[in-house]
Amino acid sequence: KIKYYYEEMESKELTIVIVTFKSEEKILNCLKSISNEISVLVVENSNNANFKRKIESNFTNVNCILTGENKGYSTANNIGLKLVKTKYALVLNPDTILNKDAINFFLRDADLVKDFWLIGPANDQMTNLDFKENNLKEVDNLKGFAIFFNMSKFNREFFDENFFLFFEEIDLCKRVQRNNGKIYLDKKIIIKHEGSGSVNTLNKYSTLELEKNRNWHWMWSSFYYQKKYKGFFLAFVVIFPKLVSAIIKTLFYSLIFKKEKRDIYFCRLSGIFNSILGKRSWYRPAID
């Protein structure tokens, strides 16, 4: 009876938001693992009309929104979340597959701890923690591949759109904590996550571009996050060893003519400098 009750709630109280970027193959298995009674918003970071037609024709519960360009994880998720009209929203990565009871457990948890802000699956995260009898544990952080939102707590303010890649969910959890909000893990919720698989890397060139992109944004986001919560001076102290390392390695790989390594460390250096100078996170991977 309990299970049936939560299955009835699914379509009325939950919307799933999935941000994609060239994830045509990855997202199909994810969508197949979601009940067709649940509304899904796919936010595709491109103008790929063929992708939109394919997804919407194969899944009647899916509405695909094209952003027109690669706006990144935070902005694209905010686009989807601001369209949600249900009580709860579940943000998923496209390379996830839901266990058949995952949604029921999320909704059960929402009933058990009505003042929650965020809930995530434990999976391999902190499974050694002392979970309560209801399988829940209050925590400081969640992993970003699956985050269940209590929409009433956020006043339409979700991810910090200054982040293009990395630190988005860490920053989100930090702001929830500062508002005395509650974040939980549920060890019963099982969601398979492939990891680093939301973009298809078809060749060596695109793989290098993604690696340069990751390194640039990791450095940019690292400094920006530290500056946001600790101020410029302490953020600079934290980032300084990485700055020195990036300079040395860029020069070293230039001298020995290792172009790929040089380009990667130059991207790290560029990401640090742009963040220190207060520039926006402008770097984008050159992938067709």
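Located above this text is the structure these notes cover.
So, how was this worked out
Residues numbered from 1 in each chain as written. Predicted model: local features only at pLDDT ≥ 70, side-chain atom pairs only at ≥ 80, totals over all residues. Heavy atoms only, no water. Phe/Tyr/Trp six-rings, centres within 6.5 Å; stacked < 30°, edge-to-face > 60°. Helix = DSSP H or I, 4+ residues; strand = E, 2+ residues; numbered from the N terminus. Lys NZ or Arg CZ within 6 Å of the ring centre and 35° of its normal. Salt bridge = Lys/Arg side-chain N within 4 Å of Asp/Glu carboxyl O. Buried < 20%, exposed > 50% of the residue type's maximum accessible area, 1.4 Å probe, protein only. Expected span 1.5 Å × (residues − 1). Bend = angle between axes of the 7 residues up to and from the residue. Pairing = 2+ DSSP bridges. Axes fitted to C-alpha atoms, helices over the stretch in contact; angles between N-to-C directions. Contact = heavy atoms within 4.5 Å. Core = buried A, V, L, I, M, F, W, Y, C linked by side-chain atoms within 4.5 Å.

*Asks:* An account of the packing of aromatic side chains is needed here, citing residue identities and associated values.
*Replies:* Applying the stated rule across the entire model yields 24 aromatic pairs. Their ring planes at 75° and their centres at 5.3 Å tell us that W117 and F154 sit as a pair that is edge-to-face. With W117 in strand β6 (residues 116–121) and F154 in the loop between β8 (146–150) and α6 (168–178), this residue pair connects regions lying 37 residues apart in the sequence. The structure contains a cluster of three or more aromatic residues connected by ring pairs, namely Y73, W117, F149, F154, F158 and F159. Positioned over the ring face of Y229 is K174, at 5.6 Å from the centre of the ring. Here the basic side chain of R284 rests over the ring of F164, its NZ or CZ set 3.7 Å away from the ring centre.

*Asks:* A description of the pattern of salt bridges should follow, citing residues and the corresponding values.
*Replies:* Side-chain pairs of opposite charge can arise where the charged atoms are in close proximity. Applying the stated rule across the entire model yields 14 salt bridges. Between D186 and R108 there is a salt bridge, with the nearest N and O atoms lying 3.2 Å from each other. A residue pair is termed long-range when its members are at least 10 positions apart, and D186 in strand β9 (residues 182–186) and R108 in helix α5 (residues 102–112) qualify at 78 residues. Look at D186 and you get buried, because its relative accessible area is 0%. R108 sits in the buried class, given a relative accessible area of 17%. Here R214 makes a salt bridge to E211, at a shortest N to O gap of 3.5 Å. Of this pair, R214 and E211 are both found in helix α7 (residues 204–230), three residues apart, which corresponds to roughly one turn of the helix. Each of D160, D171, R175 and K228 takes part in one network of salt bridges that share partners.

*Asks:* Can you explain helix α8 (residues 232–255)? Please cite residues and give values.
*Replies:* Its 24 residues place the ends of α8 33 Å apart at the C-alpha level, agreeing with the 34 Å of an ideal helix rising 1.5 Å per residue. Of all bends in α8, the biggest is about 45°, found at I239, and the proline P241 comes one to four residues later. Within α8, burial applies to A235, I239, L243, A246, T250 and Y253. Directly after α8, the chain includes F257, whose backbone phi takes a positive value near 60°.

*Asks:* Describe the sheet that holds β8, listing the residues and the values that go with them.
*Replies:* One open sheet holds the eight strands; their spatial order is β3-β2-β1-β4-β8-β6-β9-β7, and the pairing between them is mixed. In this open sheet, the two edge strands, each paired with only one partner strand, are β3 (62–66) and β7 (136–138). Between one strand axis and the next, the sheet turns by 25° as a mean value, whatever way the strands run. Alignment of strand β1 (residues 14–20) against strand β4 (residues 88–92), held across five bridges, turns out to be parallel. Among the inter-strand pairings, I18 is bridged to a residue of β4, identified as L92. Sitting on the sheet, helix α3 (residues 49–58) touches β1, β2 (39–44) and β3, and the angle it makes with β3 is about 175°.

*Asks:* With reference to specific residues and values, describe the nonpolar core.
*Replies:* Within soluble globular proteins, side chains that are nonpolar generally end up buried alongside one another. The biggest cluster of nonpolar side chains holds 34 residues, and the ones touching the most others in it are I16, L31, L92 and F148. Per-element accounting of this core gives the leading share, five residues, to α5. Once residues within four sequence positions are removed from consideration, L92 is found in contact with I16, V17, I18, V19, C30, I34, L98, F145, A146 and I191.

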